[in-house]
Amino acid sequence: MTVTQETVETGTGTARLTWHRAGTPRLVLAVSHGAGGGVEARDLQALAAVLPAHGVAVALVEQPWRVAGKKVAPAPKTLDAGWRGIWPAVVAPGLPVIAGGRSAGARVACRTAAELGAHAVLALGFPLHPPGRPERSRADELLGAGRPTLVVQGAKDPFGTPAEFPEGAHELVEVPYADHGFAVPKRAPVTQEQALDVVTAGVVRWAGSLM
């Protein structure tokens, strides 16, 4: 697997893509981070390590605000603009592109998927509602993606457990005992590695169905 980086100028600043390239790619997964962290997130790193062997090139996308060293994410419309700005770089290989993200990045992917012509959407830890505020649902963003969608959700995610998700065309993979960042307690009957295996296996299976 070859790993390379490129910077992309967007209307909201400079974004950075870290490519984990596949030998014979059939899909590209462009996947961004959430509002509270970067592409070092455990699930993003696990996917970048596993998917290229299954024909999926992975572009880990750092939004301009993260590249600039800011600690607070901007408004959703600014995140969407940054994502639109990187899109020409991820479609450049000429392959179908899965729009992906974790948390706030998943919301961006859902909001822009149809507009940008994404092949599918991967939502990691979709923040269905703010913690403790189920009445402030963001289900419309997920249901409005308009593309084949996979949600990967921790069973103990305070932003929305799998049981809280509405019926829809999306598929859902539940990660046992995991929180919003797919961390599992040390006392859980599954290890952290096993939890991440659930994430990667679910995405590998789903991505295979898209090829």
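My aim in this report is to walk through the structure given alongside it, one point at a time. Since we're looking at a predicted model, the values are computed, not measured. (Residues numbered from 1 in each chain as written. Predicted model: local features only at pLDDT ≥ 70, side-chain atom pairs only at ≥ 80, totals over all residues. Heavy atoms only, no water.)

Quick notes on the packing of aromatic side chains
So, point 1. Counted under the stated rule, the structure contains two aromatic pairs.
So, point 2. With centroids separated by 6.1 Å and ring planes inclined at 50°, the aromatic side chains of Trp-83 and Trp-87 adopt a geometry described as tilted. Of this pair, Trp-83 and Trp-87 both sit in helix H3 (residues 76–91), four residues apart, which is roughly one turn of the helix.
So, point 3. Judged by relative accessible area, Trp-83 falls into the buried class, the value being 2%.
So, point 4. Given the relative accessible area of 7%, Trp-87 is considered buried.
So, point 5. Between the aromatic rings of Phe-126 and Phe-165, the centroid separation amounts to 6.4 Å while the plane-to-plane angle is 65°, which identifies the pairing as edge-to-face. Residue Phe-126 is located in the loop between strand E6 (120–124) and helix H5 (139–143), and its partner Phe-165 is located in the loop between strand E7 (149–154) and strand E8 (171–175); the two are separated by 39 residues in the primary sequence.
So, point 6. What makes Phe-126 buried here is its relative accessible area of 0%.
So, point 7. Classification of Phe-165 by relative accessible area gives buried; the value is 10%. (Phe/Tyr/Trp six-rings, centres within 6.5 Å; stacked < 30°, edge-to-face > 60°. Helix = DSSP H or I, 4+ residues; strand = E, 2+ residues; numbered from the N terminus. Buried < 20%, exposed > 50% of the residue type's maximum accessible area, 1.4 Å probe, protein only.)

Quick word on the sheet that holds strand E5 (residues 97–102)
So, point 1. Read from one edge to the other, the open sheet built from eight strands follows the order E1-E2-E4-E3-E5-E6-E7-E8, with strand pairing classed as mixed. The open sheet terminates on both sides in strands that have one partner only, identified here as strand E1 (2–10) and E8. Neighbouring strand axes in the sheet, compared pairwise and without regard to direction, differ in orientation by 20° on average.
So, point 2. Relative to strand E4 (residues 56–62), strand E3 (residues 27–32) is paired through six bridges, and the arrangement is parallel. Within E4, the position partnered with Ala-30 by the bridge is Ala-59.
So, point 3. Contacts between helix H4 (residues 104–116) and the sheet are confined to E5 and E6, with E5 contributing the most and set at about 145° to the helix.
So, point 4. Strands E3, E4, E5, E6, E7 and E8 of the sheet are contacted by helix H6 (residues 192–210), whose axis makes an angle of about 165° with E8. (Pairing = 2+ DSSP bridges. Axes fitted to C-alpha atoms, helices over the stretch in contact; angles between N-to-C directions. Contact = heavy atoms within 4.5 Å.)

Examining the pattern of salt bridges
So, point 1. Applying the stated criterion across every chain yields a total of nine salt bridges.
So, point 2. Between Arg-16 and Glu-62 there is a salt bridge, with the nearest N and O atoms lying 2.8 Å from each other. Taken as a pair, Arg-16 in strand E2 (residues 13–21) and Glu-62 in strand E4 lie far apart in primary sequence, 46 residues in all.
So, point 3. The shortest N-O distance in the salt bridge between Glu-115 and Arg-84 comes to 2.6 Å. Residue Glu-115 is located in helix H4, and its partner Arg-84 is located in helix H3; the two are separated by 31 residues in the primary sequence. (Salt bridge = Lys/Arg side-chain N within 4 Å of Asp/Glu carboxyl O.)

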